[in-house]
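# Report on the structure
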Amino acid sequence: MIGLISATAAGSAGARRVASAWPGRTRVYEGPVGDAVRRAFAECEQLVCFLATGAVVRLVAPLLRDKASDPGIVCVDEGGRYAVSLVGGHAGGANELARAVGELLGAEPVVTTATDSVGMPGLDTLGFPAEGDVAGVSRAMLDGEPVALHAESVWPLPSLPGLSAVPAAGSAYAVRVTDRAVEPAEREVVLRPPSLVVGVGASKGAPVEEVLGLVEDALRDAGLSARSVGELATVDAKAGEPGILGAAERLGVPLVTYTAEELAAVDVPNPSDAPLAAVGTPSVAEAAALVRGGELLVPKRKSAARPAMATCAVVRRPARGRLAVVGLGPGARDLLTPRAKDELRRASVLVGLDQYVDQIRDLLRPGTRVLESGLGAEEERARTAVAEARRGHAVALIGSGDAGVYAMASPALAEASDDIDVVGVPGVTAALAAGAILGAPLGHDHVSISLSDLHTPWEVIERRVRAAAEADIVVTFYNPRSRGRDWQLPKALALLGEHREPATPVGVVRNASRPDESSRVTTLAGLDPTTVDMMTVVTVGNTATREIAGRMVTPRGYRWQEEPE
């Protein structure tokens, strides 16, 4: 919950704007400001104070305990010009809250955290629980000192300056990635990857204390950290068992369930007749932990209660790399989505076409490894990206427009299997960018067709063009013409001309959204194919498309728009 506190009419207006935009996430605190701040501090995870920063400092100073538990606090001036991350920038989420509030109110976010100021991700913002000397090791990175990386397995970390798996002589600082229950050494940060899966079984009515106690004892006896538990797993017949649900909630991890048939197919060292009779599988705890593979660290063990009502087993799964397939949009920086920017900064490895890499090179964090290649190497780039992800890295594979439209997502996903995490980041396609420039040519059904026959036989392309022509669908042609392919576009236009009038509007956009963008609206009969190249998108209207005030418009075609008889 986000507490909203204000003292004046102007501040109250800002608080109301935030409350109306985020219903259910916010609570407005009324009354004397000091009392409101104290109540919100005790009851909320974050605070937005529409007050002077000095006033908020004096009010919250006596309340602060430690950065791991203090709420994140953002101050907004009464003019709504700035959103200042004051307390809990990382742990309390105040930095992100300042950016979100700033976007909502049109205010400039002010973030002074050292790592954020220089574009370095904070060690406590990597998605893994962090323990130890976070401030000291971060400061060493900022100062350019070498930091040793001790990773028992490779997990997808972003590029971090100075961090090296081959530490320089005399490295005084270190980052350790481990799921073992070790205490951080001096000048060391321990990151806890979500590598452990705990399979659990329970009799009906098993108390949460018994289930949770069993899990905690198993982890402690095996020398494993509870902060590296990524999930609890069980059979779906136990999905609603309060003891299992409560244990997952207290551990702060999701509960994942599998069918009895899925679990029965898993080879386990300790099968039993009891679960077979009860839920249809000879193993619940071990099978649920092992169903997706991994190393069995703790075989099935029972709780100490008499009779025992819970069982558990612990498996260490191998590290999973991360592949983000990122659409860069048509070229303009303001059409690159915030999510795409986040993924570029999150990556430790970037794979892409050299000219696309040049577009976004300045957005990469220092030390990001860039693997670039030229035109025609799409399949090689896809294989490279997947291979890097399989090695446990955080990889961004980039493509123009939307990476899933005539771009890198298809070859990459054809190469990838379920041993890596894959994230798709949509982008503004060339068809959409060109459509916005032309007007509204895609207002009704439309189709995109690539005229490149390098990978698709012309016979297939022609059949698709004929189908679109006969169906009276607006067509956007990608890859319309190159030096070596100069006849396909005239042929496609002729096929459309068999079903559409010569005066049918046609939009031609070259380098949509880029500095040298050009566009024009012509007709099916008037288009000169020799003016088109590979940087051009050609959109041919349907029989209802009209040119209105120099713009292409395709009506939506609802019946209520028809003229009365």
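A brief report on the enclosed structure follows.

Calculation rules
Residues numbered from 1 in each chain as written. Predicted model: local features only at pLDDT ≥ 70, side-chain atom pairs only at ≥ 80, totals over all residues. Heavy atoms only, no water. Buried < 20%, exposed > 50% of the residue type's maximum accessible area, 1.4 Å probe, protein only. Helix = DSSP H or I, 4+ residues; strand = E, 2+ residues; numbered from the N terminus. Pairing = 2+ DSSP bridges. Arc of directions from axis to C-beta. Contact = heavy atoms within 4.5 Å. Core = buried A, V, L, I, M, F, W, Y, C linked by side-chain atoms within 4.5 Å. Axes fitted to C-alpha atoms, helices over the stretch in contact; angles between N-to-C directions.

## Examining the pairing of strand S27 (residues 536–540)
Among the 5 residues that make up S27, 5 are buried, leaving the element largely enclosed by the rest of the structure. Relative to S27, strand S24 (residues 474–478) runs antiparallel, the two sharing 3 bridges. The partner of Thr 476 across the bridge, within S27, is Thr 539. Strand direction decides the pairing type here: strand S25 (residues 505–510) and S27, joined by 5 bridges, are antiparallel. Residue pairing for S27: Gly 507 is matched across the bridge by Thr 539.

## Quick word on helix H2 (residues 33–43)
Among all positions in H2, only Gly 34, Ala 36, Val 37, Ala 40 and Phe 41 are buried. Looking straight down H2, one finds its buried side chains confined to an arc of 160°; they lie on one side. Elements in contact with the buried residues of H2: strand S1 (2–6), strand S2 (26–29), strand S3 (46–50), helix H3 (53–60) and strand S4 (72–76).

## Section: the nonpolar core
Grouped together as the largest cluster of nonpolar side chains are 23 residues, with contacts concentrated most on Val 198 and Leu 232. Among the elements that line this core, the one with the most residues is helix H7 (residues 208–221), at 6 residues. Ignoring sequence-local partners within four residues, the contact set of Leu 232 consists of Val 198, Val 200, Ile 244, Ala 247, Ala 248, Leu 251, Val 253, Pro 254, Leu 255 and Val 256. Within the second largest apolar cluster, 21 residues are counted, among which are Ile 449, Ala 468, Ala 492 and Val 538.

## So, the environment of Val 509
Relative to the elements of secondary structure, Val 509 occurs in strand S25. On the basis of relative accessible area, Val 509 is assigned to the buried category, the value being 2%. Along the sequence, Val 509 and Val 315 sit 194 residues apart, while their C-alpha atoms lie 55 Å from each other. Contacts of Val 509, omitting those with residues within four sequence positions, involve Ala 434, Ile 437, Leu 438, Ser 518, Ser 519, Met 535, Thr 536 and Val 537.

## Details of the sheet that holds strand S26 (residues 518–523)
Read from one edge to the other, the open sheet built from 5 strands follows the order S23-S24-S27-S25-S26, with strand pairing classed as mixed. The sheet is open, and its two edges are formed by strand S23 (446–450) and S26, each paired on a single side. Direction aside, neighbouring strands of the sheet carry axes that sit 20° apart on average. This element, helix H16 (residues 430–438), spans S23, S24, S25, S26 and S27 of the sheet and lies at about 115° to S25.

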